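Okay, here's what each chain looks like letter by letter:
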Amino acid sequence: MTWTPTPGAVLFREQLGQTVLVADGSMAIELARRGLTERPAERYNVSHGREVERIHADFMTAGATLLQTNTLAANRYQLESSMLSARVTELNRKGAWLARTAAAGQAFVAGVVGPTGRMLHPLGPLRAEDLATAFTEQIASLLAGGVDMILLKSFIDLDELEAAIDTVRALSKDVPLLALKSFPEDGSVLAGTFPADVARRLRGHGVDAIGSNGTVGPQRMLGIIQSLRSEAGPLTALPDVGIPTIVDGVPVYNAEASYVAAAAQRLVDHGAGIVGADGGASIEHVRAIAAAVAGRTVGSAPVVFAGGKSRVPEATQRPSPSAFEQALLDGQFVSTVELDIPRGLDMSSVVDGARTLLHHGVTAVNISDGARARLRMSPIAISALVQQTTGMECITHLACRDRNMVALQAEVLGAWSMDVKNILAVTGDPTHIGDYPSATSVYDVDSIGLVRALDKMNHGLDLMGNPLGAPTRFSISCAVNPAADDLERELDRLALKVEQGATVAFSQPVFDPDVLDQFLDRIRHFDIKFLLGVIPLRTIRHAEFLHYEVPGMLIPEWVRKRMAEAGSDTERATAIGIDLAVTFLHNVLDRIHGVYLMPPFKKYDIAVAILNTLPAVGARHAQQSS
């Protein structure tokens, strides 16, 4: 589309950085004071337009010289939950018209665009084209509504902010553009160079001003502005008025207007040409800010260069690999055995099993995470206990079912602090099949998202790109099912896991050599180590249970017939199951990097017996256990 510069847009560029501009405050807060509390607040653009226009006018009377359209959440994804996603154009054009009417040429009007509220692929469902479509729909409506500029605000994900910037510039090369990133309320993050790193990344995108809004209060915002100032030109600072108290799910702010106004003065002194307040900012707050910054010179205080470490740790700081990872790097054939995790508090059987397997030269043991949605002790706690007690390394399974993305990352950080370095990311079985069928299955991210989080941490960052202070070095494993019903989907997901940082794949048990051969041929170009999952069958009932009742398990008919030969002779059935596993492994040994054994009911001697039949592996295990 063609955007015709408004007189306000021309004047804005002339004044930017030269005159202090005061932004208005929180539309949601002022609507709530008038009894309009439904969410999203953007609905009131069409149902209570006069009230929205009156609030804009009241903010301007209080001293605001830049009005923000009531459109922060007016994109199709944010509006879905309120059944308003079909009214994106109407809500945005009406929002622009209401602000322009109130401004009457006496204040600038910024068309506000916020994040979609959805995670980007591979963490969530949105892809680049989805973002472009949603942002185009909203931004085009605001431009058609005659706004003087576009204000991108409240973006946490820097990739999403850059996508929004690119969309604006695809629609118009000329419209003034402000890009604000929200930072976490974290002193260690803000004391370093992270905001400056963000500024360096954004300044090449053709924006008129950068800055920050929301999340942090006035004091934290000052540190952000100081860091941004060293790397950027015109700056915008719209902090929350303070940290809210949540009462019945509603944020309540208590910051005094005089305190917020004094902070605004400091922000102007340190380079913010556009100031105001965001969350919790009432008309009284804006009035106090406008009075405090009147006549003040932008950037009168000396530049403060950000100190601390860079957000990207130096390569020399990278920790050493786990023994499991080092064995794979050295080209060793590795062996892991899954331990049976009991209910309750007594983990002595787990420790004893790990100690036995260590004695027999097994590389690592697998600790599952609430398999089949059963209640078990935390796999990270068990792994730390096993490693500290026996010296045996653990492959720690971590399921996305029970934790949101914050808790998952917290768990992983805790694992690293306890020297638990080998993580197997799994999506997890749904809770309705487990001990607590009414419990909530979270699935904020799936296993692909968890792999991405682990890889980011290995580069010293969290999922949103915030620095951790130092990199981790997790061995990142994933699960794969060579016998999946939808093999193409399984291959696509494995490719994504590899792309996001997985280096090891643990397979579901496979019993059919032809199925495995087909799968290995399809992944021969994947940069990943493959560990074959093996379950030694113990009876025909065991084989039938796996085949008919466990999703993703395929036991060929000829295997079930072999197991049926034993009848009720459990000793013979066990021997047949071991023979099947040994024969299968011998046939594929040269095509896999290791074996992942799942013996029945703490029968770890079966795992050792199988491993000792493998030529080179058996000799190495015998040597290590002697």
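Since this is a predicted model, take the numbers as computed values, not measurements.

Chemist: An account of the packing of aromatic side chains is requested, with residue identities and associated values reported.
Modeler: In this structure the tally under the stated criterion is 6 aromatic pairs. Between phenylalanine 324 and phenylalanine 506, the ring centres sit 6.2 Å apart and the planes meet at 25°, which makes this aromatic pair stacked. Of this pair, phenylalanine 324 sits in helix α13 (residues 323–329) while phenylalanine 506 sits in strand β16 (residues 504–509), and the two are 182 residues apart along the sequence. Of the two residues, phenylalanine 324 and phenylalanine 506, neither departs from the other in class, the shared state being buried. Centre to centre, the rings of tryptophan 416 and phenylalanine 474 are 5.3 Å apart; their planes meet at 70°, and the pair counts as edge-to-face. A residue pair is termed long-range when its members are at least 10 positions apart, and tryptophan 416 in helix α16 (residues 405–417) and phenylalanine 474 in the loop between α17 (447–458) and β15 (475–480) qualify at 58 residues. By relative accessible area, phenylalanine 474 is classed as buried at 2%. Site record: aromatic cluster; members linked through ring pairs are Phe324, Phe506 and Tyr596.

Chemist: Describe the pattern of salt bridges, naming the residues involved and giving the relevant values.
Modeler: As a working rule, side chains carrying opposite charge can pair if their charged atoms are close by. Counting across every chain of the model gives 31 salt bridges. Glutamate 51 is the partner of arginine 54 in a salt bridge, and the nearest nitrogen-oxygen pair spans 3.2 Å. Here glutamate 51 and arginine 54 lie together in helix α4 (residues 49–61), a separation of 3 residues that amounts to about one turn. A salt bridge links arginine 201 to glutamate 162; the nearest nitrogen and oxygen atoms lie 2.7 Å apart. Taken together, the residues arginine 201 in helix α9 (residues 194–202) and glutamate 162 in helix α7 (residues 158–171) connect sequence positions 39 residues apart. Among the charged side chains, a salt-bridge network with shared partners connects Glu30, Arg33, Arg34, Glu51, Arg54, Asp58 and Glu284.

Chemist: Would you mind going over the sheet that holds strand β13 (residues 394–399) in detail, with residue names and values included?
Modeler: Read once around its circumference, the closed barrel built from 8 strands follows the order β11-β12-β13-β14-β15-β16-β17-β18, with strand pairing classed as parallel. In this sheet, neighbouring strand axes are inclined to one another by 25° on average, regardless of whether the strands run parallel or antiparallel. Relative to strand β18 (residues 594–597), strand β17 (residues 529–534) runs parallel, the two sharing 4 bridges. Each bridged residue has a counterpart across the sheet, and for leucine 531 the counterpart in β18 is glycine 594.

Chemist: Let's hear about helix α1 (residues 7–15): which residues, and what values?
Modeler: For α1, the complete set of buried residues consists of Gly8, Ala9 and Phe12. Along the axis of α1, the buried residues cluster in a sector spanning 100°; they form a single face. Those residues of α1 that are exposed and angled more than 90 degrees off the buried face are Pro7 and Glu14. Buried-residue contacts for α1 involve β1 (21–22), β2 (66–68), β3 (108–113), β4 (149–155), β5 (177–181) and β10 (272–275).

Chemist: I'd like a rundown of the sheet that holds β5, residues and numbers included.
Modeler: Within a sheet, neighbouring strands are paired by backbone hydrogen bonds and run either parallel or antiparallel to one another. Read from one edge of the open sheet, 8 strands run β1-β10-β7-β6-β5-β4-β3-β2, paired in parallel fashion. Each edge of the open sheet carries a strand with a single partner, namely β1 and β2. Where strand β7 (residues 235–238) meets β10, 3 bridges bridge the pair, whose relative direction is parallel. Pairing of alanine 237 across the sheet is with valine 275, part of β10.

Chemist: So what's going on with the packing of helix α18 (residues 487–500) against helix α19 (residues 513–522)? Residues and values would help.
Modeler: Geometry of a packed helix pair, given as the angle between the helix axes and the separation of the axes. Viewed as axis vectors pointing N to C, α18 and α19 meet at an angle of 45°, and their least axial separation amounts to 11 Å. Taken together, the axes of α18 and α19 are oblique relative to one another. Seen from above, α18 lies across α19 with right-handed handedness. Note on element contacts: α19 touches α18 through Gln518, Phe519 and Arg522, opposite Leu487, Glu488, Leu491 and Leu494. Per-class residue counts for the contact of α18 with α19 are 4 nonpolar, 1 polar and 2 charged.

Chemist: Now, about the confidence of the model for the protein chain: what can you tell me, with residues and values included?
Modeler: Overall, the predicted model of the protein chain reaches an average pLDDT of 88, with 92% of residues at or above 70. Mean pLDDT in the protein chain bottoms out at helix α8 (residues 187–190), which sits at 48, and peaks at β2, which reaches 98. Note that pLDDT drops below 50 for residues 307–316; the model gives that stretch 21 contacts with residues more than four away or on any other chain.

About the criteria used
Residues numbered from 1 in each chain as written. Predicted model: local features only at pLDDT ≥ 70, side-chain atom pairs only at ≥ 80, totals over all residues. Heavy atoms only, no water. Phe/Tyr/Trp six-rings, centres within 6.5 Å; stacked < 30°, edge-to-face > 60°. Helix = DSSP H or I, 4+ residues; strand = E, 2+ residues; numbered from the N terminus. Buried < 20%, exposed > 50% of the residue type's maximum accessible area, 1.4 Å probe, protein only. Salt bridge = Lys/Arg side-chain N within 4 Å of Asp/Glu carboxyl O. Pairing = 2+ DSSP bridges. Axes fitted to C-alpha atoms, helices over the stretch in contact; angles between N-to-C directions. Arc of directions from axis to C-beta. Contact = heavy atoms within 4.5 Å. Parallel < 35°, antiparallel > 145°, perpendicular 65-115°, else oblique. Left-handed = near helix turned anticlockwise from the far one by under 90°. Nonpolar A, V, L, I, M, F, W, Y, C, P; charged D, E, K, R; others polar. pLDDT = per-residue confidence, 0-100.

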